[in-house]
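Residue-level structural notes
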Amino acid sequence: MGRSIHAGSMTGAATVTWGWLAIALLAQTGWGIYPALGRYMQTVSDLPSMSVLVLGGLPMTVLLFVYVLPRYGLHLYRGATIWAFGLVVVLRSITNLLSQRFTLAIYVQLIGLLTPFLVVLLARLLLRERAPRYTGLALAFSLIGALLMFSESIGAQGVSLVLAPNDWLGLGLAFASSAFLALYMILVRRIAQRPGGAVHVPPLALLVFQTVLIQLTAIVISLLIREDWSRWAAIGPQDWWVFLAYMVFVIVGANGLQITALQNVGASLMSSLMGWRLVCALVAGMVLLGEQLTSVWQVVGMAIVLVTVTLYLWQQGSHPQKAG
């Protein structure tokens, strides 16, 4: 698939083609624009949050009935483990979407980039694993960068933050979402390490199952809080284009491309590209929502986070840390 580049131990293979690298970047782009799309639908289009999850996952519902169930049947979904994974994913998805309603798209993405550090922390607390090299240093730089991104000015009076009460709520939800994602990753790793403990479910079948479970949960919540679905009949063409972009480029595109990329470039290289999401979130937020960084300190902070997270994840992939 085109020319290749050397990837060393990061992918377990000698080379990775530029084509597969491009696919990996496209997947990260889809996840990068997701917060801006979600925020637009909830704050500009004023669509009920749970209804977005329900309708956005319709392609996966179709895929469940026309491909997954005829091919694999229901036996794949009978284990307790897959339902535990599904519950964590449901909590992750709901908190992630709601966080986009209350704070800027780039802030949601920023908190998402801190997930690798939450994984390390949970692995240390739950599994007694040793933290990878430079974790403390990378976390310190990332937190400094994040603080700068939240700042309006820095002077003799200290740091002046630009965060409003809604931002704090959104950041709290984003942090909870990242914590659920970290817990999911720890559960997957823990079960895979047990003899015969790996969950033998094809990635596509697992993705479809989790998305449909999110839909079912969202429907129940929507009915309980009595969301007004009539808003869907009042939105304009641009609102529909944003929703279709969310459905095609995120729910189908980012998920599908991520599965494909992981199988061909490896998890280490894929994760080292996560910083690209922050750039995409900034651009999408500027185009769709008029959101932008307003001070040089915020730009500096973004650069610090990008460089730090990318180098940290690259170093982890190049020199894997064994559990201690």
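Everything below is about the structure shown above.
Presented here is a report on the structure given in the accompanying data block. (Residues numbered from 1 in each chain as written. Predicted model: local features only at pLDDT ≥ 70, side-chain atom pairs only at ≥ 80, totals over all residues. Heavy atoms only, no water.)

Comments concerning the nonpolar core
In this structure, Leu37, Met41, Val52, Leu53, Tyr77 and Tyr246 are the most contacted members of the largest nonpolar core, which totals 48 residues. Taken together, the elements giving at least two residues each to this core come down to α1 (18-44), α2 (49-56), α3 (58-72), α4 (80-102), α9 (203-225), α10 (237-265) and α12 (275-289). The leading source of residues in this core is α9, at nine residues. Look past the residues within four positions of Leu37 in its chain and what remains in contact with it is Val242, Ala245, Tyr246, Val250 and Leu288. Ranked by size, the runner-up nonpolar core spans 25 residues in total, among them Leu110, Leu278, Leu306 and Tyr312. (Core = buried A, V, L, I, M, F, W, Y, C linked by side-chain atoms within 4.5 Å. Buried < 20%, exposed > 50% of the residue type's maximum accessible area, 1.4 Å probe, protein only. Helix = DSSP H or I, 4+ residues; strand = E, 2+ residues; numbered from the N terminus. Contact = heavy atoms within 4.5 Å.)

What about a nonpolar patch on the surface?
On the surface, Val62, Phe65, Val66, Tyr67 and Leu204 cluster together into a nonpolar patch covering about 460 Å² of accessible area. By residue number, the principal contributor to the nonpolar patch is α3, which donates four residues. Residue position: Val62 is located in helix α3. Since its relative accessible area comes to 49%, Val62 is described here as partly exposed. (Patch = residues over 30% accessible without salt bridge, like charges linked within 9 Å, V, L, I, M, F, W, Y side chains within 5 Å. Areas by Shrake-Rupley, 256 points an atom, 1.4 Å probe, with all protein chains shown as cover. Salt bridge = Lys/Arg side-chain N within 4 Å of Asp/Glu carboxyl O.)

A word on the pattern of salt bridges
Overall, the coordinates contain one salt bridge when judged by the stated rule. Note that Glu291 and Arg39 form a salt bridge whose closest N and O atoms lie 2.5 Å from each other. Taken together, the residues Glu291 in the loop between α12 and α13 (296-318) and Arg39 in helix α1 connect sequence positions 252 residues apart. Using a relative accessible area of 13% as the deciding quantity, one classes Glu291 as buried.

A short note on the environment of Gly236
Mapping Gly236 onto the fold places it in the loop between α9 and α10. Spatially, the C-alpha atom of Gly236 lies 8.3 Å from that of Ser45, the residues being 191 residues apart in sequence.

Side note on empty space enclosed by the protein
Enumeration according to the criterion identifies one cavity of 30 Å³ or more in this entry. Quantified by volume, the largest cavity comes out at close to 30 Å³. In this structure, the largest cavity is lined by Leu104, Ala105, Ile106, Ala281, Leu282, Gly285, Met286, Glu291 and Gln292. When contributions to the lining of the largest cavity are tallied by element, the ones reaching two or more residues are α5 (105-113) and α12. For the lining of the largest cavity, the element with the highest residue contribution is α12, accounting for four residues. A breakdown of the residues in the lining of the largest cavity according to their chemical character gives six nonpolar, two polar and one charged. (1 Å grid on protein atoms, 1.4 Å probe; cavity = no way out; pocket = protein on both sides within 12 Å on 5 of 7 lines; lining within 4 Å. Points joined across faces, edges and corners; volume = space filled by probe spheres on them. Nonpolar A, V, L, I, M, F, W, Y, C, P; charged D, E, K, R; others polar.)

Thoughts on the packing of aromatic side chains
Ring pairs (aromatic) are described by centroid distance and by the angle formed between their planes. With the rule as written, the count across this model stands at eleven aromatic pairs. Ring geometry for Tyr77 and Phe209: centres 4.7 Å apart, planes at 20°, overall stacked. Of this pair, Tyr77 sits in the loop between α3 and α4 while Phe209 sits in helix α9; the two residues are 132 residues apart in sequence, bridging distant segments of the chain. Each member of the pair, Tyr77 together with Phe209, is buried. Chaining the aromatic ring pairs together yields one cluster made of Trp31, Tyr34, Trp232, Trp240, Phe243 and Tyr246. (Phe/Tyr/Trp six-rings, centres within 6.5 Å; stacked < 30°, edge-to-face > 60°.)

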